[in-house]
Amino acid sequence: MGEPLLELRDMTVTYHTGRGPVPAVRGVDLVVDTGQTVGLAGESGCGKSTVALAVLRLLPTTARLGGKVLLNGEDVVAMKWGRLRAVRWASASVVFQGAMHALNPVRPVGEQLAEPILLHGGAGANTVSSRVGDLLEQVGLPARRARAYPHELSGGQRQRVMIAMALACDPQLIIADEPTTALDVMVQAQVLDLVSRLVSELGIGLMMISHDLSVLASTCQRLAVMYAGRIIEQGPARQVLQAPAHPYTKALSAAFPTIGDPESRLAPRGLPGDPPDPSALPPGCPFHPRCPSAFADCVDTDVALRPVDTGRSAACLLEVRP
Amino acid sequence: MSTPSPTAIAWQRRRAAVGRVWQEFLSDRGGLFGLAALSLIVALAVFAPLLSDASGLDPTHATGRPLEAPSGHFLLGTDNLGRSVLLQVWWGARISLLVGVLATLVSVGIGTLVGVAAAHFGGWTSAVLMRFTDFFLVLPSLVLAIALSTVLNRGIFAIVLAVGVTSWPSTARLVRAQTLAVESRPYIERAWALGAGHVHVIIRHVLPAVAALVFANTTLTVANSIIAESTLSFLGLGDPNAASWGEMLNAALGSGAVTYGAWWYLLPPGLAIALVVLAFMLAGRALETVLNPRLRER
Amino acid sequence: MIGPVSTALAPDLAPPTTPGGRGGGTVRHLATKLGGAVVSLLMVIVLGFFLFRVLPGDPVKTITRGAPVGPQQLAALRHELGLDKPIAAQFVDYLAQLARGDLGESYQFRVPVSTLIGERIGPTVLLVGVATALAILVGLWLGTRAAWRRGSRFDRISTGVALLLWSAPTFWLGLVLLTVTGNLFPSQGLINPNTPAGFLPQTLDLLHHLTLPCLTLVAVLYAQYLLVMRSSLLEEMNADYLVTAKAKGLRDDLVRRRHAVPNAMLPTVTLIFLNLGLVVSGAVTVETVFSWPGLGLLTYQALQGPDLPLLQGLFVVLAGAVLVMNLIAELLYQVIDPRVRAT
């Protein structure tokens, strides 16, 4: 099988602010194999978007990236700027959340699609416009929309443009950061459908990031759940969703009822409290103040991720106790 | 202990907010410099009669020769009538600051009135007022101020009025935007629902909420008013008996200080204007940054 | 005088985010703008009348201020100037004159005001044009670099210098430049009468005379443009599309040139045009200091009388020019910003 497409090894991200360092990502290990779809779930502020930006080193200058980010075996963290620029978009591209803001408002979308193609030598100046047209048609938009400005497109259309843009340089990996958050449910389903279809047709690896477990359930083979800058549970998507090992995953999956399952409708949903402030994490398991099953040891034991089943792991003392 | 009244709670909250603003303001070095410089200059201007002898300003009592270069006796030399430049700059601060502040009061007063009215009443009133504001915003205000101070009786009062009447539009726009933001908040809705009238809503809710930004804007407006005053005085529209810094420069140009190369006569008044304006501007910008979250670093 | 470059002005200037693309809307938008400009021009005309005929009470007293004149002379002067008619009739006369392009006759020069303005407009356009162009180039370039390297030594120095220059009164900067340069540059006028005829020597002499006034005006204007461009670019720096551009693998300077600057430019252009009054006031003081024979110096000369008809004419012409420039800017905005442009 060879090396994985993307491997994060003990990745850390720390923001250096005026009030001292704030750890946003505190040691994440994650593997995405070629053609595999991996979901990354968690509440806002848990560090999942930071992970997405860190893969291509797109973080603001106040952030420090640590650990290893291996893209096709090559460490992104140690890359020189020139090499990094060459890898960006050509090896891995990003579908950002909120395409209204992720697209430049004063340039036609076709121009923005052509930009990475020309930059990475995907096509010459004379063939680029037909390539742009192909890309737009691939995501279900007429080729003539290349002349449109972002504000002239609907939210769904803009997200399709974003996806077409991500495909522009035939990357092996696409990172989709909340690609459907701002869309209404119907459009959301269409866009998710499109992403799943393209990924499986083209054999691309996908890292999909969302706060919405139902979105991830429908698109991903594997699932990782983040809390307070760490992965607290991961495994095959269906198993994680149906039989969560970590109380946090349980709460999260209860918050999104499975349609047609009466039990999930009756179970108490949601989770009291707010995710912890990354600059002031509680000691022990960071989830213990909100955990319904917390016990004395949780307050002072920092739990690491450990295997709970074949291909699954979780970071909870409940799973460790005999 | 009895429960504090709602007013007491509101005041407590406001005091806490002021304390927070003060803390943040202190962390802005530029603003701090501006504030320190201003305090010093204002103190010097206010206590000038106690610390110096005003009789040196009277040409008939001048003790030096005309356009004497700086020396131990006259630290900044003398002007064309043999008076100490240092003394004149010192006393000029009183006029320049006074005119600047008074003109700003006129300007901010008109601007706040127009801004609140335009936002609060909406509809036709708003359309007409904003049209008016935009008109005055683009009008070359120096030309308008020149016109005003020409036809009014010359003097400090004319300059105050000319500067004040021509510089209010930016305040009006700022206040209007802020009022619109405040009035869309739920507690105003609640006040309306409880039967509050226009006067109550404006005085009790809108004005306290916009006051902070108006204050920051005032600081910036004083800077502009002082430059405006100096320009009008330089053009000969001021009162020669109330020698502001602009008036001094007018006299310097008129007496041939430039051709004589009397830099000690030309530099101090201009530097004084620049320093005061810079101080007001730095303090104002710092205040604006603290008070207006939109401008803060994200 | 100097409009505060407070960024708080910017939100109102932000282009409307309503979806464009409807032809009818654009025509209506254009008509509104044109109508607004016409109303503004009318307001300038009325204001001109109000300021110089109504507000002074008796203009004749203002003219003869300090001079010993008898009541008969005053009455005669009033009659000569048409000031003994009722105010409404005077207003009609004023409008009729304006419609014919007649701005009255200068008390001081005894020539029609329109002739005087026509003679002086060339030097002002030259001075203001060259200075504004230079100031925009320098200001936008420095402002862009300062914002891009926010907090760097370059940013701190260039912003500091700009704030300092902006705090100093224009005329004083001119005076200082004159004193510092000594005899290197001519201190007054447009051209030396002893300069030999011929295109090259005449042009060189003109440029020689232009240097100092132009430099003074640039010093004040560029500072403002720098500050506006810097704050406008800083607003854009947090925009998500810049992360997209970086993710595509664009070099830093391309991200800036292709994506950040075009977006930051739009509010800057508006603010530059909104502050054209600043250019006019700069011209008045700079021309006064350097005796540059343009409209600014003419304004200063008119003040000495005071020459009310001349001041009135200058007011109407200068204010009108600024209004027209603003209209042009707004129309230009339609062309450069796709969000308000029709397709």
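Conventions we followed
- Residues numbered from 1 in each chain as written.
- Chains lettered and ligands numbered in written order.
- Predicted model: local features only at pLDDT ≥ 70, side-chain atom pairs only at ≥ 80, totals over all residues.
- Heavy atoms only, no water.
- Core = buried A, V, L, I, M, F, W, Y, C linked by side-chain atoms within 4.5 Å.
- Buried < 20%, exposed > 50% of the residue type's maximum accessible area, 1.4 Å probe, protein only.
- Helix = DSSP H or I, 4+ residues; strand = E, 2+ residues; numbered from the N terminus.
- Contact = heavy atoms within 4.5 Å.
- pLDDT = per-residue confidence, 0-100.
- Patch = residues over 30% accessible without salt bridge, like charges linked within 9 Å, V, L, I, M, F, W, Y side chains within 5 Å.
- Areas by Shrake-Rupley, 256 points an atom, 1.4 Å probe, with all protein chains shown as cover.
- Salt bridge = Lys/Arg side-chain N within 4 Å of Asp/Glu carboxyl O.
- Expected span 1.5 Å × (residues − 1).
- Pairing = 2+ DSSP bridges.
- Axes fitted to C-alpha atoms, helices over the stretch in contact; angles between N-to-C directions.
- Buried area = accessible area lost by both parts, 1.4 Å probe.
- Polar contact = N/O pair within 3.5 Å; in protein donor to acceptor, adjacent residues only side chain to side chain.
- Nonpolar A, V, L, I, M, F, W, Y, C, P; charged D, E, K, R; others polar.
- Phe/Tyr/Trp six-rings, centres within 6.5 Å; stacked < 30°, edge-to-face > 60°.

## A look at the nonpolar core
Next up, step 1: Membership of the largest hydrophobic core comes to 148 residues, with the highest contact counts inside it found for Leu139, Ile146, Leu232 and Tyr265 of chain B together with Phe315 of chain C.
Next up, step 2: Here this core takes 17 residues from helix H9 (residues 199–237) of chain C, the largest share from any one element.
Next up, step 3: Discounting residues that sit within four places of it in the chain, Leu139 of chain B has contacts with Leu144 of chain B together with Val44, Leu47, Phe315 and Ala319 of chain C.
Next up, step 4: Counting residues in hydrophobic clusters, the runner-up holds 97 residues, among them Val69, Val87, Ala92 and Leu103 of chain A.

## Brief notes about the confidence of the model for chain B
Next up, step 1: Scored by pLDDT, chain B comes out at a mean of 82, with 96% of its residues at no less than 70.
Next up, step 2: The lowest-confidence element of chain B is helix H12 (residues 257–260) of chain B, averaging 76 in pLDDT; the highest-confidence one is helix H4 (residues 85–121) of chain B, averaging 90.

## Observations concerning a nonpolar patch on the surface
Residues and elements named next belong to chain B.
Next up, step 1: A cluster of nonpolar side chains, Leu40, Val42, Leu44, Val46, Phe47, Leu50 and Leu51, forms an exposed patch at the surface whose accessible area comes to about 690 Å².
Next up, step 2: When contributions to the nonpolar patch are tallied by element, the ones reaching two or more residues are helix H2 (29–46) and helix H3 (48–51).
Next up, step 3: Relative to the helices and strands, Leu50 is located in helix H3.
Next up, step 4: Note on Leu50: relative accessible area 70%, which makes it exposed.

## Side note on helix H5 (residues 87–99) of chain C
Next up, step 1: When the terminal C-alpha atoms of H5 of chain C are compared, their 18 Å separation across 13 residues agrees well with the 18 Å that a helix rising 1.5 Å per residue should span.
Next up, step 2: Trailing H5 of chain C by a residue or two, Gly101 of chain C shows a phi angle of about 80 degrees, which is positive.

## So, the sheet that holds strand S7 (residues 173–177) of chain A
Residues and elements named next belong to chain A.
Next up, step 1: Ordered by their spatial adjacency, eight strands build an open sheet running S6-S7-S8-S3-S9-S10-S12-S11, and the pairing between neighbours is mixed. Each of the sheet's edge strands pairs with one partner strand only, and the pair in question is strand S6 (92–95) and strand S11 (306–309). Strand-to-strand twist across the sheet, computed as the mean angle between neighbouring axes with direction ignored, equals 25 degrees.
Next up, step 2: For strand S10 (residues 230–236) and strand S12 (residues 312–314), the ladder comprises two bridges, and the chain directions are antiparallel. Paired with Gln234 across the two strands is Ser313, which belongs to S12.
Next up, step 3: Sitting on the sheet, helix H1 (residues 48–55) touches strand S3 (37–41), S7, strand S8 (205–210) and strand S9 (222–227), and the angle it makes with S8 is about 145 degrees.
Next up, step 4: In the packing of helix H6 (residues 155–167) onto the sheet, the strands contacted are S6 and S7, and the crossing angle to S6 comes to about 175 degrees.

## Some remarks on the pairing of S3 of chain A
All names here are of chain A.
Next up, step 1: Most of S3 is tucked away: five of the five residues are buried.
Next up, step 2: Side chains Thr37, Gly39 and Ala41 project from S3 onto one buried face, and the interleaved Val38 and Leu40 project onto a second face that is buried too.
Next up, step 3: In this sheet, S8 lies alongside S3 in parallel orientation, the contact comprising five bridges. Note on S8: the bridge partner recorded for Thr37 is Leu206.
Next up, step 4: In terms of strand pairing, S3 meets S9 through four bridges, oriented parallel.

## Quick look at the interface of chain A and chain C
Next up, step 1: The partner chain C presents 22 residues to the 24 residues of chain A that form the contact.
Next up, step 2: Summing the contributions of chain A and of chain C, the shared interface buries around 2100 Å²; its carbon and sulfur component is 60%.
Next up, step 3: If you sort the residues of chain A by the area they bury against chain C, Val106, Glu115 and His151 of chain A come out on top, with a joint share of 27%.
Next up, step 4: Linking chain A to chain C there are two salt bridges.
Next up, step 5: In this structure, Glu115 of chain A engages Arg258 of chain C in a salt bridge whose closest nitrogen and oxygen atoms are separated by 2.8 Å.
Next up, step 6: On the surface where chain A and chain C come into contact, there are 10 residue pairs in polar contact (both at pLDDT 80 or more).
Next up, step 7: Elements with a minimum of two residues in the side of chain A that touches chain C: helix H3 (99–102), helix H4 (109–119) and H6 of chain A.
Next up, step 8: Take the side of chain A that touches chain C: its biggest share by element is four residues, from H4 of chain A.
Next up, step 9: Residue composition of the side of chain A that touches chain C, grouped by class: 14 nonpolar, five polar and five charged.

## Quick notes on the arrangement of the chains
Next up, step 1: Between chains B and C lies the most contact-rich interface of the two pairs of chains that touch.
Next up, step 2: Note that chain A does not reach chain B: the shortest distance linking a C-alpha of one to a C-alpha of the other is 11 Å.

## Here's the deal with the interface of chain C and chain B
Next up, step 1: The interface of chain C with chain B comprises 59 residues on the first partner and 54 residues on the second.
Next up, step 2: Interface area, chain C with chain B, both sides summed: about 5200 Å², of which 73% is carbon and sulfur.
Next up, step 3: Taken together, the connections running from chain C to chain B amount to zero salt bridges.
Next up, step 4: Linking chain C with chain B are three residue pairs in polar contact (both at pLDDT 80 or more), by the criterion used here.
Next up, step 5: For the side of chain C that touches chain B, the element with the highest residue contribution is helix H2 (residues 23–54) of chain C, accounting for nine residues.
Next up, step 6: Here the residues of the side of chain C that touches chain B are counted per class, giving 40 nonpolar, 15 polar and four charged.

## Quick look at the sheet that holds strand S5 (residues 74–75) of chain A
Residues and elements named next belong to chain A.
Next up, step 1: The four strands lie next to each other as S2-S1-S4-S5, forming an open sheet whose pairing is antiparallel. Each edge of the sheet is formed by a strand with only one pairing partner; in this case those strands are strand S2 (20–32) and S5.
Next up, step 2: Of the pairings in the sheet, the one linking strand S1 (residues 6–17) to S2 comprises 10 bridges and is antiparallel in character. Among the inter-strand pairings, Thr12 is bridged to a residue of S2, identified as Arg26.
Next up, step 3: Where H1 meets the sheet, its contacts fall on S1, S2 and strand S4 (63–71), and the angle it forms with S1 comes to roughly 110 degrees.

## Here's the deal with the packing of aromatic side chains
Residues and elements named next belong to chain A.
Next up, step 1: The final tally for this structure, using the stated rule, is 12 aromatic pairs over all chains.
Next up, step 2: Between Tyr248 and Phe287, the aromatic rings sit 5.2 Å apart at their centres with planes inclined by 70 degrees, giving edge-to-face as the arrangement. Here Tyr248 is found in helix H10 (residues 247–255), whereas its partner Phe287 is found in the loop between helix H11 (262–266) and S11, with 39 residues between them in sequence. Grouping residues by exposure puts Tyr248 and Phe287 together as buried.

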